[in-house]
Amino acid sequence: MARATVRDVARATGLSIATVSRVLNGQANVAEHTRELVLRAVAGLGAEAPRARGAKPAGPIYVRCPYLLTDYFGLIVSSVAETLALHHRQVVLSAGVSARRETVLPGLAARSDVGGAILILPPEPAEELVRLRDRRFPFVVVDPRTELPRDVASVSAAHFAGARRLMAHLVELGHRRIGIIGGPGDWLASDGRLAGYAAALSDVGVLPSAELLRHVDEPTEENGHLVARDLLGLADRPTALVAFNDKMAVGALRAARELGLDVPRDVSVAGFDDLDLSRATRPELTTVRQPLQEMGRLAVTLLMRLLDRHELEALHVELATELVVRASTGPAPRA
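Below, the structure is looked at part by part. Please read all numbers here as calculations on a predicted model, not as lab measurements.

Scoring rules and cut-offs
Residues numbered from 1 in each chain as written. Predicted model: local features only at pLDDT ≥ 70, side-chain atom pairs only at ≥ 80, totals over all residues. Heavy atoms only, no water. Pairing = 2+ DSSP bridges. Helix = DSSP H or I, 4+ residues; strand = E, 2+ residues; numbered from the N terminus. Axes fitted to C-alpha atoms, helices over the stretch in contact; angles between N-to-C directions. Contact = heavy atoms within 4.5 Å. Patch = residues over 30% accessible without salt bridge, like charges linked within 9 Å, V, L, I, M, F, W, Y side chains within 5 Å. Areas by Shrake-Rupley, 256 points an atom, 1.4 Å probe, with all protein chains shown as cover. Salt bridge = Lys/Arg side-chain N within 4 Å of Asp/Glu carboxyl O. Lys, Arg positive; Asp, Glu negative; His and termini not counted. Charge placed at Lys NZ, Arg CZ, Asp CG, Glu CD. Buried < 20%, exposed > 50% of the residue type's maximum accessible area, 1.4 Å probe, protein only. Polar contact = N/O pair within 3.5 Å; in protein donor to acceptor, adjacent residues only side chain to side chain. Right-handed = clockwise from strand over helix to strand, strands pointing away. Core = buried A, V, L, I, M, F, W, Y, C linked by side-chain atoms within 4.5 Å.

## Let's talk about the sheet that holds strand S9 (residues 268-270)
Strands sit in the order S7-S6-S8-S9 across an open sheet of four strands; the sheet is parallel. Among the strands making up the open sheet, the edge pair consists of strand S7 (213-215) and S9. Each neighbouring strand pair of the sheet contributes to a mean axis angle of 15°, computed without reference to strand direction. Pairing analysis gives three bridges linking strand S8 (residues 240-243) to S9, with the strands arranged parallel. What sits directly across from leucine 241, in S9, is valine 269. Strand contacts of helix H9 (residues 221-232): strand S6 (178-182), S7 and S8, with the helix running at about 155° to S6, the strand carrying the most contacts. Its contacts with the sheet place helix H10 (residues 246-258) against S6, S8 and S9, and it is angled at close to 160° to S9.

Right, here's the structure in full:
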């Protein structure tokens, strides 16, 4: 079926072709109710809707990161802001835990003060992101929480490959009984890492043990400490612990120390992310490096291409991770 034209949208809305073109090209000199009328008409056409041409939408870029901007998230947001500055774009930032309670996505496409968005680990369900896409608002997701449709642009790290490489390292050291301090059960990253751990164990004929798996809703140092004490308190305790992130791994190091266990002689501990924190521990932490700043830079690059009306062949981009071996992992203790 032929794609509809700007003229068709003008006829359906009773507006002029020039007005419809201004809306589709993201220009600011359009009344809000007029913009809403055109966007509703375009959304109703779905795949047959006309594609906007001309200059990229003007205005700042909305960056949503509803978490504390420390280490992990701070690195991504800083990289996004610095890269947008290179493109002469200002940032409208929504950040902090309180921002999680704000209802943002439904009204984002109708805002005339922003030209696009970068959404970092958005807590909203995938359906809201799909509705935003259907309104032809340009955005990129960084580190998606849930599975996204193939035509929603996203950037993430290779969670499965990184976790598999980390677990293979522990397996090579002789570990078979390995405790896993997992992240939130509804995060895509958690699923990918658990699958990676299981794949490396299956390579040596070991099935993951439900007894040795714990999930936490908030991957904090304190939760890592509490779960590690629980796992290390088992009658047949694990010889190694792998944590969802470096913060929880630091909590696990503290738990081992409180229980009189030497790391790595009695128990090995590993994290994920390679934050500065991982080099400040004693012993220094074995971890998996995520390219957090590159994730931010690439998200901006993808968004700029969307704003320029380019077709993107690679919409779901996974950046490689790297195993970083330090002193917190060693050979499994002898029985």
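Moving on, there is more to tell.
## Quick look at a negative patch on the surface
Taken together, the side chains of Glu147, Asp186, Asp191 and Asp217 define an acidic patch exposed on the protein surface. Note that aspartate 191 resides in helix H8 (residues 188-202).

## Points about the sheet that holds strand S3 (residues 116-120)
Taken together, the six strands give an open sheet; going across it, the order is S2-S1-S3-S4-S5-S11, and neighbouring strands pair in parallel fashion. Looking at strand neighbours, the two that pair on one side only are strand S2 (91-95) and strand S11 (316-319), the edges of this open sheet. Strand-to-strand twist across the sheet, computed as the mean angle between neighbouring axes with direction ignored, equals 15°. Two elements, strand S4 (residues 139-142) and strand S5 (residues 154-157), share two bridges in a ladder whose sense is parallel. Following the sheet pairing, valine 141 is matched in S5 by serine 154. Each of strand S1 (61-65), S2, S3 and S4 touches helix H4 (residues 71-86); the most contacted strand, S1, lies at about 175° to it.

## A word on the side chain of aspartate 273
With respect to the helices, strands and loops of the structure, aspartate 273 is situated in the loop between S9 and strand S10 (287-289). This buried residue, aspartate 273, is left without a salt bridge; arginine 193 holds the nearest opposite charge, at 4.1 Å. Polar side-chain contacts of aspartate 273 include one of 2.6 Å to the side chain of glutamine 290. The contacts of aspartate 273, once residues within four sequence positions are left out, are Tyr72, Arg193, Asn245, Asp246, Thr287, Val288, Arg289 and Gln290.

## Some details on the pairing of S4
Neither face of S4 is left uncovered, since the one carrying Phe139 and Val141 and the one carrying Val140 and Val142 both have all their residues buried. Relative to S4, S3 is paired through four bridges, and the arrangement is parallel. In the sheet register, leucine 119 faces S4, and the bridge partner there is valine 141. Crossover handedness for the path S3 to helix H6 (residues 126-134) to S4: right-handed.

## Observations concerning the pattern of salt bridges
In total, this model carries 23 salt bridges according to the counting rule given. We note a salt bridge from glutamate 218 to arginine 100, for which the minimum N-O separation is 3.8 Å. Placement of glutamate 218 in the loop between S7 and H9 and of arginine 100 in the loop between S2 and helix H5 (105-108) is noted, with a sequence separation of 118 residues between them. A salt bridge links glutamate 211 to arginine 177; the nearest nitrogen and oxygen atoms lie 2.9 Å apart. Taken as a pair, glutamate 211 in the loop between H8 and S7 and arginine 177 in the loop between helix H7 (159-172) and S6 lie far apart in primary sequence, 34 residues in all. With a relative accessible area of 41%, glutamate 211 lands in the partly exposed category.

## Concerning the nonpolar core
If you look at the biggest cluster of nonpolar residues, it comprises 56 residues, and the most contacted ones within it are Ile61, Ile76, Ile118, Ile120, Val155, Ile181 and Met295. With nine residues, the top contributor of residues to this core is helix H11 (residues 292-307). If we skip the residues at most four places from it in the chain, isoleucine 118 touches Ile61, Tyr62, Val63, Arg64, Val80, Val140, Val142, Ala299, Val300 and Leu303. Judged by nonpolar contacts, the second largest core, of 24 residues, contains Val104, Leu119, Leu129 and Phe139.

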